[in-house]
Amino acid sequence: MLDTVPPYKAGKTAVSPDGRSYKLSSNESPYGPLPSVVEAVAAAARDMQLYPDPAATDLTRAIAERYDVPAEHVGLGPGSVTLAQQLLATVCDPGAEVLYAWRSFEAYPLLADLAGMTSVRVPLAAGTHDLDAMAAAITPRTRLIFVCNPNNPTGTVVRREELVRFLDRVPGEVLVILDEAYREYVRDADVPDGLTLYRDRPNVAVLRTFSKAYGLAGLRLGYLIGQEPVAAAVRKVMMPFAINHLAQVAGIASLAAEDELLERVELVVKERTRVREALLGQGWDVPATEANFVWLALGEDTAAFAETCAAEGLAVRPFHPEGARVSIGSPEANDAFLAVAAAFRSART
């Protein structure tokens with residue numbers, strides 16, 4: 001079986017001949033953790049000889065208090081992608097199907113294959129989820145549906161009315177996972193917070209992560225909020241001690257410093273607007289994005305564009321032959337990318 005499973009491809013790095021290197025391929029925060037978080041982790045490092053709390057009790061309580069939900073509704077994992085794997089482990093059985101839009105988060109097919117489930121991919125419509133088509137694709141074998149909102153890699157969103165209408169059509173025995181890894185970057189008021197939807201829907205749960213806005217990608221920490229049976233199932237299949245001690249401490253410290261952290265998020269949002277407007281001015285067709293990246297539908301030019309960027313020390317994420325996802329980085333990195341994009345566009349027109 002493993003011979004047929006393609007490996008996950010992480011975002012690459014690139015270095016120009018003059019030594020410049022900007023990694024815009026993994027949607028990482030351009031800012032490091034807040035000083036208070038670094039201090040908390042440094043202090044906690046003195047206890048690395050001890051096993052972590054297997055239940056991550058303090059972190060679970062901190063998340064529950066932050067979102068005003070019962071602690072029993074919180075499940076944890078070493079990154080939201082591993083939580084997705086834990087979820088699939090709770091529903092997989094022979095012939096089971098997992099449904100998701102495509103293109104969406106590139107780990108979904110891999111996770112489905114590893115769980116022995118059948119992927120049902122529903123093409124995007126105008127770059128975003130076609131929820132009517134997804135509802136029509138539900139069968140008696142459907143066990144779980146991923147809705148990535150904002151969608152990775154396009155940055156597009158589904159809004160409240162259409163999402164609620166979709167959820168109303170999903171059978172109660174089918175689990176719907178609202179993958180909200182980029183929720184902190186959303187500024188469109190019509191994009192629903194999944195936590196306002198799950199409370200009266202036992203088959204809906206929300207995935208979030210500390211990797212993106214919180215700048216903790218290197219520590220691997222994600223969480224799920226859902227009704228107690230869903231969260232309990234996720235906790236049951238988590239490997240013992242999967243959430244390491246430093247990640248637990250960093251998560252708690254990050255929540256405590258959230259106001260300061262979200263100021264950094266706002267800087268990324270402003271840069272996102274600047275980058276997209278500049279690309280539109282260059283003549284690119286760039287969909288509105290609510291994440292910390294932009295999407296260029298390059299078609300057959302995708303690989304060439306990525307190679308051109310790499311030659312200038314810019315690593316972007318190509319999905320040939322569809323397009324490229326470009327993370328919002330520091331202003332310097334964004335300026336370097338815009339210069340390459342302008343030159344590439346000019347050479348093609």
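Keep in mind that this is a model prediction, so the values were computed, not measured.

Chemist: Just checking my understanding: could you explain the overall build of the protein chain for this structure?
Modeler: Regarding its fold elements, the protein chain presents 11 helices and 12 strands. Its C-alpha atoms give the protein chain a radius of gyration of 20 Å, within 12% of the compact-globule value 20 Å for 349 residues. Projected onto its principal axes, the C-alpha positions of the protein chain cover 55 × 55 × 45 Å. Residue burial in the protein chain is summarised as follows: out of 349 residues, 53% are buried. The long-range share in the protein chain, meaning contacts at least 24 apart out of those at least 6 apart in sequence, stands at 73%. If you sum the accessible surface of the protein chain, you get close to 15,100 Å²; carbon and sulfur atoms cover 54% of it.

Chemist: When you look at the pairing of strand E12 (residues 323–327) in this model, what are you seeing that I'm missing?
Modeler: The two faces of the sheet receive side chains in turn, since in a regular strand these alternate between them. Counting buried positions along E12 gives five out of five residues, so the element sits mostly inside the fold. Residues of E12 alternate between two faces, with Gly323, Arg325 and Ser327 on one and Ala324 and Val326 on the opposite face, all of them buried. Strand direction decides the pairing type here: strand E11 (residues 317–319) and E12, joined by three bridges, are antiparallel. Its bridge partner being in E12, Arg317 is matched across the sheet by Arg325. Counting the residues that bridge the hairpin from E11 to E12 gives three residues.

Chemist: Could you clarify how one ought to interpret the sheet that holds E12 in this entry?
Modeler: Consider a sheet: its strands pair through backbone hydrogen bonds, and that pairing is either parallel or antiparallel. The strand order across the open sheet built from three strands is E9-E12-E11, with neighbouring strands paired in antiparallel fashion. At either end of the open sheet lies a strand with only one pairing partner, and these are strand E9 (293–296) and E11. Averaged over neighbouring strand pairs, the angle between their axes works out to 20 degrees when direction is ignored.

Chemist: Got a minute to help me understand the pattern of salt bridges in this structure?
Modeler: Where charged atoms from two side chains of opposite charge come close, those side chains can pair. Tallied over the full model, the rule gives 19 salt bridges. Between Arg208 and Asp193 there is a salt bridge, with the nearest N and O atoms lying 2.7 Å from each other. Of this pair, Arg208 sits in strand E7 (residues 204–209) while Asp193 is found in the loop between strand E6 (175–179) and E7, placing the two residues 15 residues apart along the sequence. Classification of Arg208 as buried rests on a relative accessible area of 3%. Overall, Asp193 belongs to the partly exposed group, its relative accessible area being 22%. Among the ionic pairs, Asp301 bridges to Arg348, the shortest N-O distance being 3.8 Å.

Chemist: What am I meant to see in helix H6 (residues 160–169) here?
Modeler: Three or four residues apart is the spacing at which side chains of an α-helix point the same way, because the helix has 3.6 residues per turn. Of the residues making up H6, those classed as buried are Leu163, Phe166 and Leu167. When H6 is viewed along its axis, its buried side chains cluster within an angular range of 100 degrees and face the same direction. For H6, exposure combined with an orientation more than 90 degrees from the buried face picks out Glu161 and Asp168. Looking at the buried side of H6, the elements it contacts are helix H5 (131–136), strand E5 (142–148), E6 and E7.

Chemist: Can you walk me through the side chain of Glu180 in this structure?
Modeler: Summarising the element assignment, Glu180 is placed in the loop between E6 and E7. Given the relative accessible area of 2%, Glu180 is considered buried. A distance of 2.8 Å separates the side chain of Glu180 from the backbone nitrogen of Gly194, its partner in a polar contact. Beyond its immediate chain neighbours, meaning those up to four positions away, Glu180 contacts Asn149, Pro192, Asp193, Gly194, Val206, Leu207 and Arg208.

Chemist: Whenever I open this one, the UniProt feature "modified residue: N6-(pyridoxal phosphate)lysine" (unreviewed entry) in the protein chain confuses me. Can you help?
Modeler: Under the UniProt annotation, the feature "modified residue: N6-(pyridoxal phosphate)lysine" (unreviewed entry) is placed at Lys212. Mapped onto the elements, Lys212 comes out in the loop between E7 and strand E8 (222–226). Dropping the residues within four chain positions of it, Lys212 is found in contact with Ser26, Asn27, Ser29, Ala181, Tyr182 and Tyr185.

Chemist: For this particular structure, what's the right way to read the domain arrangement of the protein chain?
Modeler: Where interface size is given, it is often the accessible area lost as the parts come together that is meant. Each domain of the protein chain was delimited in the assignment, giving domain 1 (22–32 + 258–347) and domain 2 (35–256). Contacts between domain 1 and domain 2 engage 24 residues on the former and 25 residues on the latter. Note on domain 1 versus domain 2: buried area summed over both sides is about 2,200 Å², and carbon and sulfur give 53% of it. When the buried surface of domain 1 facing domain 2 is broken down by residue, Glu258, Leu261 and Glu290 rank first, second and third, together holding 31% of it. Taken together, the links from domain 1 to domain 2 amount to four salt bridges. A salt bridge links Arg317 to Glu106; the nearest nitrogen and oxygen atoms lie 2.9 Å apart. Inspection of the region where domain 1 meets domain 2 yields 14 residue pairs in polar contact (both at pLDDT 80 or more). Of all elements in the fold, only helix H9 (258–282), E9 and E11 reach the threshold of two or more residues within the side of domain 1 that touches domain 2. The element best represented in the side of domain 1 that touches domain 2 is H9, accounting for nine residues.

Reading guide: rules and limits
Residues numbered from 1 in each chain as written. Predicted model: local features only at pLDDT ≥ 70, side-chain atom pairs only at ≥ 80, totals over all residues. Heavy atoms only, no water. Helix = DSSP H or I, 4+ residues; strand = E, 2+ residues; numbered from the N terminus. Rg over C-alpha atoms; globule rule 2.2 N^0.38 Å. Buried < 20%, exposed > 50% of the residue type's maximum accessible area, 1.4 Å probe, protein only. Contact = heavy atoms within 4.5 Å. Areas by Shrake-Rupley, 256 points an atom, 1.4 Å probe, with all protein chains shown as cover. Pairing = 2+ DSSP bridges. Axes fitted to C-alpha atoms, helices over the stretch in contact; angles between N-to-C directions. Salt bridge = Lys/Arg side-chain N within 4 Å of Asp/Glu carboxyl O. Arc of directions from axis to C-beta. Polar contact = N/O pair within 3.5 Å; in protein donor to acceptor, adjacent residues only side chain to side chain. UniProt positions renumbered as here; feature names shortened; annotations may be inferred. Domains from an automatic or database assignment. Buried area = accessible area lost by both parts, 1.4 Å probe.

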